Amino acid sequence: MLDKLVCVMDHHQLQGNAIEFAEPNVVEIQPWGSTTTILAFKYFQSNRDIPRPIAGCLLSGILSDTVNLQSSTTTELDRSAVQVLAGMAGIEDLHAYSQDMFRAKSNTEGLNLEDVRVSFFSFFFKNEIINTWPRRS
Amino acid sequence: MFLSVANGSISSKLLQDPIVLSCTHRFCRSCLAKLVSTSDGKARHSCPECQKEFDTLDPANYHVDSILANFLMSHFAASIAQQAPMASTSSSSSNIAAPAPTVFDRMLINMSNPASRRTSPQFGPNRDAPVIISSDAFMLDRPKSAAPDARLVHSVADFRRLNTAADLIRSSSYMQLQREPTSNYFLPYEKKQSSLALPISLQRVLLDSQSASRVWRWAILATFAVMVFSLVWAVSYITSTAGLGLRRSAKLDALGTRTHTHTKKVCFFKSNVEIDFQKLQPPLPVFHDTVFVGHKVNDVDSICSAIAAAHLFNGYAARADAVSKEASFVLDTFGLSAPRLSSDVAFEGKNWCLLDHNQLVRSSLTIFN
């Protein structure tokens, strides 16, 4: 059923067990901070209006994957996209918003130990090296 | 005009060493020397023509007419040569009546007439005589027992006449004149003139060795700079018109995308066709009936990119498993509903697009496993 796969958009490295296609397809892989950065620039290129929920989605994706623009995978494109999207989403304090988001992530209420372990190891599955951690206000 | 006056009467001789008096009359130097009167201790001349008296010690009163002397020497050299022995014999014959040689005579060293220098030695053709006089002026208290030098006799005799203080001052100015051979009185027509007819300030700048080297160096450097700049500009212009593309400019816009803003002229040396490469960007891909899905153990990026891609490409958003707490916070914040699971029946038979992962291991789609 590989012929049903038409597109891959990613910001991770291609490794040994990467995806295979039956025919030429759209593969958009950029060494940027997140997949939402790629989509944000797709929006910018196409000159399409971005509604506020979509802008908030894109902004949250970038902030989450780059750990509030602090990780080593952050690029200048992520920063400029965040600047544009924050105005569209109407978020003034990016730091406070990202802190709220990370606090919701670290809220282990209602999670069993297996979920915590899996979400913790998802970092290692993604092969991202996180040098810095957001400062606690 | 070329005739001279001697002893109150006009002699028919050619002018020899013509001297211009302050009354613009010209006479022979030897004739003038005979007319000197030494009344009240001063050497005085009166012009034989207009009877004007003047002080012979003042060099402003006379100078050698070198133009006239050169003219005579060049045109009447033969007659002057004939005249020269006559002058010597006449001066020797009338030696008793002639006054002693004065400072005036010795001052008038005619450098352009060697004949007179040869024929009348008592009139100071030797150049050292004035200098000896000047040094001798301060040796008046010399012991008289010492036999004076033969050359010094004249000078001592002359300075005996210098009684007044004014005369001493004049003699000192005369000494200065003697020591400055480029003074206007003695070399009036031999002033050095530059061959360049430039203003004096420019001459100083261009002919002075230090500043001239600086000026020429900077001029040469500026010329080379202009040449190199024009050459580079011409090369870049020609290559740009030829389509080799040296003049294109790439810059980052506000969003960070690199845009090449060169308009390449396709035809060689013709600007008929211009292609704006900025308008040749690939369009957005078109997906039909496509479901956008993130990876397992989803995070904000996988959920939000699925929603955004579904909005952008007019597809469907899906999630691999339960929405994480972080993603639900985002969805609550912006009032979005969570996408459906990828195992939903509605997604059967549709195309799939993987977001935020490129490995089937992390995919939740059972169709690939």
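Here the structure is shown first, and the text comes after it.
Note that the structure is a prediction, hence the values are computed from the model and not measured. (Residues numbered from 1 in each chain as written. Chains lettered and ligands numbered in written order. Predicted model: local features only at pLDDT ≥ 70, side-chain atom pairs only at ≥ 80, totals over all residues. Heavy atoms only, no water.)

## Topic: the interface of chain A and chain B
In this assembly, 63 residues from chain A lie in contact with 44 residues from chain B. Here chain A and chain B share an interface that buries about 4400 Å² over both sides, 66% of which is from carbon and sulfur atoms. Of all residues in chain A, the largest losses of buried area upon contact with chain B belong to Lys4, Arg48 and Cys57 of chain A, amounting jointly to 13% of the total for that side. Taken together, the connections running from chain A to chain B amount to 1 salt bridge. In this structure, glutamate 326 of chain B engages lysine 105 of chain A in a salt bridge whose closest nitrogen and oxygen atoms are separated by 3.9 Å. In this assembly, chain A and chain B are joined by 22 residue pairs in polar contact (both at pLDDT 80 or more). Put simply, the parts of the chain that give the side of chain A that touches chain B at least two residues each are β1 (5-10), β2 (26-29), α1 (35-46), α2 (52-65), α3 (76-89), α4 (94-106) and α5 (113-125) of chain A. Of all the elements, α2 of chain A adds the most residues to the side of chain A that touches chain B, at 10 residues. Looking at the side of chain A that touches chain B residue by residue, the class counts come to 32 nonpolar, 20 polar and 11 charged. (Contact = heavy atoms within 4.5 Å. Buried area = accessible area lost by both parts, 1.4 Å probe. Salt bridge = Lys/Arg side-chain N within 4 Å of Asp/Glu carboxyl O. Polar contact = N/O pair within 3.5 Å; in protein donor to acceptor, adjacent residues only side chain to side chain. Helix = DSSP H or I, 4+ residues; strand = E, 2+ residues; numbered from the N terminus. Nonpolar A, V, L, I, M, F, W, Y, C, P; charged D, E, K, R; others polar.)

## So, the sheet that holds strand β13 (residues 316-319) of chain B
Read from one edge of the open sheet, 6 strands run β2(A)-β1(A)-β15(B)-β12(B)-β13(B)-β14(B), paired in parallel fashion. At either end of the open sheet lies a strand with only one pairing partner, and these are β2 of chain A together with β14 (340-341) of chain B. When strand β12 (residues 290-293) of chain B meets β13 of chain B, the two strands line up parallel, connected through 3 bridges. Across the sheet, residue valine 291 of chain B finds its bridge partner in β13 of chain B, namely tyrosine 316 of chain B. Against the sheet, α1 of chain A contacts β1 and β2 of chain A together with β15 (351-355) of chain B, and its axis sits at roughly 105° relative to β1 of chain A. With respect to the sheet, helix α11 (residues 300-313) of chain B is in contact with β1 of chain A together with β12, β13 and β15 of chain B, its orientation differing from that of β13 of chain B by roughly 165°. (Pairing = 2+ DSSP bridges. Axes fitted to C-alpha atoms, helices over the stretch in contact; angles between N-to-C directions.)

## Observations regarding helix α12 (residues 325-333) of chain B
Turning to α12 of chain B, its buried residues are Glu326, Ala327, Val330 and Leu331 of chain B. Down the axis of α12 of chain B, the smallest arc covering the buried residues is 135°, so these residues share one side. Of the surrounding secondary structure, the elements contacted by the buried residues of α12 of chain B are α2 and α4 of chain A together with α11 of chain B. Remark: glycine 335 of chain B follows α12 of chain B within two positions and exhibits a positive phi of approximately 65°. (Buried < 20%, exposed > 50% of the residue type's maximum accessible area, 1.4 Å probe, protein only. Arc of directions from axis to C-beta.)

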